[in-house]
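Below are the chains, spelled out letter by letter.
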Amino acid sequence: MLIVYTVKDLLESSENLQIRLIGKNLGGGVDREIKGIRIVEELDIKKYMVGGELLLTSLKVFEKMSEEMFLFHLEELNKKKISGFIIKRNESIPSYLLDTLFKFCEENHIPVLEISQNQNYFGIIKYILGQIYNKEASSRLYFVSMHDIFSGILLNESNLNVVIEKVLILLNKMLDNPVAIYSSDYDCYASSEEEPVRRRTCKF
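Residues numbered from 1 in each chain as written. Predicted model: local features only at pLDDT ≥ 70, side-chain atom pairs only at ≥ 80, totals over all residues. Heavy atoms only, no water.

Draft legend 1. Molecular detail of the environment of G130. Tracing the backbone shows G130 in helix α4 (residues 121-132). Here the alpha-carbon distance between G130 and Y142, two residues 12 residues apart in the chain, equals 9.5 Å. (Helix = DSSP H or I, 4+ residues; strand = E, 2+ residues; numbered from the N terminus.)

Draft legend 2. Expanded view of the packing of helix α2 (residues 67-78) against helix α3 (residues 95-107). The contact between α2 and α3 brings their axes to 10 Å, and the two run at 35°. In this structure, the crossing between α2 and α3 has a hand that is right-handed. Across the interface between the two elements, E67, F70, L71, L74, E75 and N78 from α2 touch Y96, L97, T100, L101 and F104 from α3. Within the contact of α2 with α3, the residues separate by chemical class into seven nonpolar, two polar and two charged. (Axes fitted to C-alpha atoms, helices over the stretch in contact; angles between N-to-C directions. Left-handed = near helix turned anticlockwise from the far one by under 90°. Contact = heavy atoms within 4.5 Å. Nonpolar A, V, L, I, M, F, W, Y, C, P; charged D, E, K, R; others polar.)

Draft legend 3. Structural context of the packing of aromatic side chains. Enumeration over the complete set of coordinates arrives at one aromatic pair. Ring centres of F62 and F70 lie 5.0 Å apart, and the angle between their planes is 50°; on these two criteria the pair is classed as tilted. With respect to burial, F62 and F70 carry one shared label: buried. It is K88 that lies over the ring of Y121; its NZ or CZ is 4.5 Å from the centre. (Phe/Tyr/Trp six-rings, centres within 6.5 Å; stacked < 30°, edge-to-face > 60°. Buried < 20%, exposed > 50% of the residue type's maximum accessible area, 1.4 Å probe, protein only. Lys NZ or Arg CZ within 6 Å of the ring centre and 35° of its normal.)

Draft legend 4. Region of the structure containing α3. The first and last C-alpha atoms of α3 sit 19 Å apart over 13 residues, in line with the 18 Å expected at 1.5 Å per residue. By the burial criterion, the buried members of α3 are L97, L98, T100, L101, F102, F104 and C105. Of the residues one or two after α3, H109 is the one with positive phi, at around 55°. (Expected span 1.5 Å × (residues − 1).)

Draft legend 5. Focus on the sheet that holds strand β2 (residues 36-39). The sheet built from five strands is open, its strands ordered β1-β5-β4-β3-β2 with mixed pairing. Looking along the sheet, the strands with just one partner apiece sit at the ends: β1 (20-22) and β2. Across this sheet, the average inter-strand angle for adjacent strands is 30°, counted without regard to direction. Here β2 pairs with strand β3 (residues 53-57) via four bridges, running parallel. Note on β3: the bridge partner recorded for G36 is E53. Helix-sheet contacts for α3 involve β1, β4 (84-88) and β5 (112-115), and the interaxial angle to β4 is about 160°. (Pairing = 2+ DSSP bridges.)

What follows is the structure, encoded as structure tokens:
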């Protein structure tokens, strides 16, 4: 069963999500209904959207894009009647991207929310899905969301080492815990940490 849940409801939640409304359009569009939630990890995110989603992004996928092309993608996303953006600022992102986002969202009354860099998306995704769907449906949709993210990595990257690195980083964010792959001799093959701890075995 789908429950009507708005951006305003999210902002007024008693849950400690540490989400704040930013930009010049403070209060504009907060009555938009959240019908789903997606992480923007690739440019063709639209093919996975059904409409009304709240989009999570660091804008990294757009960082090498011109202002004109970025604006084109924003217009395409707006056609899906998105409920808003939750952004995680990254110092490497050109300032014109944020300026363009704020201006576009102000003109189209789309709320822009922000979380801190050390927050992970997955707790927010679980919480929001739990607010708009019953337990069974939210669990299924969370699985579908994760499946789409992992599929995007596997299908769009041909370098096995890069695939492994991206999967480990993703698992690290999901579990909020370091993740590593070890050989049968307990040598670390790959890790989400720069300096993984060497595993030790107990002898009985």
